[in-house]
Amino acid sequence: MRPARYAGFAILLSFAAPAAATAQTPVANRLTMEDFLNAEAPKDFFRGGGPEISPDGKQVAYSRWWIDKMNDRWKQSIWLVNADGTRNRWLVDAGGHRWSPDGTRLAYVTLGEPSGAQIFVRYMDAEGSITQITRLESGPGGLVWSPDGKWIAYTAMVKEPAKWSTAIPGKPAGAKWAEEPKVVDRLQYRSDWAGYIDEGHVQVFVVSSGGGTPVQLTDGPWNHGQLAWSQDGREILFSGLRVPNAEYQWREYEIYAVNVGTKAVRQLTTRKGPDGAPVVSPDGKLVAYQGYDWTDDTYITSKLYVMGIDGSNPHRIDGALDRSATNVTWAADGSGVYFLADDRGRSQLFFASAAGGEPKRLTDGNQYLAGLSLAPTGTAAAILSTNDTPGDIAIFDVKAPAPRRITDLNGDILAGKRLAQVEEIWYPSVEGFKIQGWLVKPADFDPKKKYPLMLSIHGGPHGMFAGALTYMWWEWQIYAGMGYVVLFTNPRGSSGYGSAFGNAIKNAYPGKDYDDLMAGVDTVINRGYIDQKNMFVYGCSGGGVLTAWVVGHTDRFTAASSECPVINWLSFVGTTDSPGWYKNFAKLPWEDPSEYLRRSPLMYVGNVKTPTMLLTAEGDMRTPMPQTEEYYMALKIRQVPTVMVRLKDEWHAYFNRPSNFLHTISFREHWFQTYKNGQAAVP
């Protein structure tokens, strides 16, 4: 196998060497890759989470991500800003921050003694004293203060003794033998971005907010998460599935409560289907939560429910709303809950009454809200992004919400820059579907000229592109700065358009979503400003699948970049990190492989004429590297121009190392430039 490895390396060298000579030169005063290295962003757009508004509504603590260029790492710091936008200042290099109920303290997670992530508490007075309150072997997550501020609940992995061990004879004293073999006996034993996850289970703990020995409240061969305290402080609600052989249950989990004093666990929900994310009402009598009746549909929106704290009278409160709620938060008077929901390429604020009925949509317009945090005063904080500006912290009153930015994290970078124009479009596709998309056009766009086109395809496949998503905002602005018109769309299967739209690709992915993409390309071509000799397509994950499907079904594109793709569903379902992928097919592959083959881009490689680059991380556990290798070998056998780019020190996609994000943009652009206007292939 070594000669093949060296042959592939030679290809990479010949591909990369002329990059400086062939890359398209950005126009002055447009955003560039160098600008991205100086970008900053609120936490929600990179690793989940969001801002935390103080209980009095006067300050916002938020996580701020930035790039350490010397060490090629994302770095996270907690910043504090007044609600009027003044005194925006650094607080500590940490994350996972949570205000105490009285607003006098801030808990957070950062590196501590003896090693690894630990919980700290900082007094938010002039003295600002800090206490490390844990000394854990396994990092904590999901911090939640008790209502009286005396305790902090969290989750952590508890390692369990190995079930398998061997004692082999003959090892000489001081000999250096290989590490002990790892024995795997769980259904799901690894996860992308985490690695092996089968050394134990995630349990619930409490620790005194003044420091002390943590108390483990749950045990058993189950994972627990999504914590919420009862208002009397006697119980902690959580999500999990505490049944035999739980790992074999698909789309099943329940809400439980554990007594802090006795450790007794009681079950609140019982229906067939997932129930989770409990949030206790201010008076302690009700619990808002999310779930749905079990279905084998590949996509279903979560519904919003309320039940008694004892599990009684569960009822839906979001009417006929066909959108999944996030950041569910009770109103201070207990009348209902506020929440965010993705809707047609945007995210808006809603309110649902605890009594039920149709929820009220409280915001509108071309914006994306994330990470909602609500103070008892009715003042809320969230991350706001638009087509013109990436994410910033915004403040508003939930009674009359008009989000107002109180930070300007990238104003220094964007000052004097001529940004691309973003235009929303809707167009018809097959079977009467209406598809939403956006065009990103260069700042000096002239409809009388001809421009190269980039079609960008999102992953998931049940994901959603929005006109304002931080990392993609930078990517598309950079490409527009190079002179491309970028088209991105939400074909059927996308989230944000309801269950039926998302489930339209059940047992048919890829399929008609390809038609939706091509209808979008045709719509833009018909406007007259696209150079049809220079059209390019790319996407990662689900977008990589569809890119490989595109080149197997049309040769209209000049070049393509299929990134972190699935190429062969037969080999994929047993090697990806989630066994749930077996459920996305009508039958198991050994019962009937025909559907797996029909939906595999590999089966259409004989049609491919388009020069197609392949790019995947070597550490990818979601769409493992062998998927890329299968397609690479097939394309090489057919002598279709191709190259395989293997990202180092990276998981799925390309966001572990900032340089890998830039490598992806650069390699992709170089590949497209290599083949523009029918240029000769790289030797």
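Our structure is the block above this text.
Predicted, not measured: the structure shown is a model, and the values here were computed from it. (Residues numbered from 1 in each chain as written. Predicted model: local features only at pLDDT ≥ 70, side-chain atom pairs only at ≥ 80, totals over all residues. Heavy atoms only, no water.)

**What about the side chain of Glu 475?**
Part 1: Mapped onto the elements, Glu 475 comes out in helix 6 (residues 470-481).
Part 2: For Glu 475, the side chain forms a polar contact with the side chain of Tyr 538, separated by 2.6 Å.
Part 3: With residues near it in sequence (within four places) discarded, Glu 475 still touches Tyr 538, Phe 661, Ile 665 and Arg 668. (Helix = DSSP H or I, 4+ residues; strand = E, 2+ residues; numbered from the N terminus. Polar contact = N/O pair within 3.5 Å; in protein donor to acceptor, adjacent residues only side chain to side chain. Contact = heavy atoms within 4.5 Å.)

**Considering the state of the cysteines**
Part 1: Under the criterion given, the structure shown has one disulfide.
Part 2: Across a sulfur-sulfur distance of 1.8 Å, Cys 540 and Cys 564 are joined as a disulfide pair. What sets the handedness of the Cys 540 and Cys 564 disulfide is the S-S torsion sign, and at about -125 degrees it is left-handed. Remark: Cys 564 occurs in the loop between strand 37 (559-563) and helix 10 (569-572) and Cys 540 occurs in strand 36 (residues 530-540); sequence separation between them is 24 residues. (Disulfide = S-S within 2.5 Å.)

**A look at the sheet that holds strand 6 (residues 95-99)**
Part 1: Taken in spatial order, the four strands make up an open sheet running 6-7-8-9, and their pairing is antiparallel. The open sheet terminates on both sides in strands that have one partner only, identified here as strand 6 and strand 9 (130-132). Across the sheet, the axes of successive neighbouring strands diverge by a mean angle of 25 degrees, strand direction being ignored.
Part 2: Two strands pair when backbone bridges link them, and strand 7 (residues 105-111) and strand 8 (residues 117-123) are joined in this way by seven bridges, in the antiparallel orientation. Note that in strand 8 the partner of Val 109 across the bridge is Ile 119. (Pairing = 2+ DSSP bridges. Axes fitted to C-alpha atoms, helices over the stretch in contact; angles between N-to-C directions.)

**Topic: the pairing of strand 26 (residues 346-353)**
Part 1: Here strand 26 lies mainly inside the structure; seven of its eight residues are buried.
Part 2: Between the end of strand 25 (residues 336-343) and the start of strand 26, which pair antiparallel, lie two residues, with Arg 344 showing a positive phi angle near 50 degrees.
Part 3: Of the strand pairs in this sheet, strand 26 and strand 27 (residues 360-361) are connected by two bridges, and their pairing is antiparallel. Pairing of Phe 350 across the sheet is with Arg 361, part of strand 27. (Buried < 20%, exposed > 50% of the residue type's maximum accessible area, 1.4 Å probe, protein only.)

**Concerning the pattern of salt bridges**
Part 1: For the coordinates displayed, the defined rule picks out 38 salt bridges.
Part 2: Linking Lys 163 and Asp 185 is a salt bridge whose minimum nitrogen-to-oxygen distance equals 3.9 Å. In this pair, Lys 163 sits in the loop between strand 11 (151-159) and strand 12 (190-191) while Asp 185 sits in the loop between strand 11 and strand 12, placing the two residues 22 residues apart along the sequence.
Part 3: For Asp 185, a relative accessible area of 42% translates into the label partly exposed.
Part 4: Across the pair Asp 275 and Arg 271 runs a salt bridge, and its minimum N-O distance is 2.7 Å. (Salt bridge = Lys/Arg side-chain N within 4 Å of Asp/Glu carboxyl O.)

**Things to note about unusual backbone geometry**
Part 1: Across the junction of Gly 460 and Pro 461, the peptide omega takes the value 10 degrees, indicating a cis bond.
Part 2: Within the element layout of this structure, Pro 461 appears in the loop between strand 34 (451-457) and helix 6.
Part 3: Of note, the amide linkage connecting Tyr 509 to Pro 510 takes the cis form, showing an omega dihedral of -5 degrees.
Part 4: Along the polypeptide, Pro 510 turns up in the loop between helix 7 (499-502) and helix 8 (512-525).
Part 5: Its identity as a non-glycine residue notwithstanding, Arg 251 has a phi of 55 degrees, on the positive side.
Part 6: With respect to the secondary-structure elements, Arg 251 resides in the loop between strand 17 (235-240) and strand 18 (254-259).
Part 7: With a relative accessible area of 17%, Arg 251 lands in the buried category.
Part 8: A positive phi angle is found at Glu 431, which is not glycine, with a value near 60 degrees.

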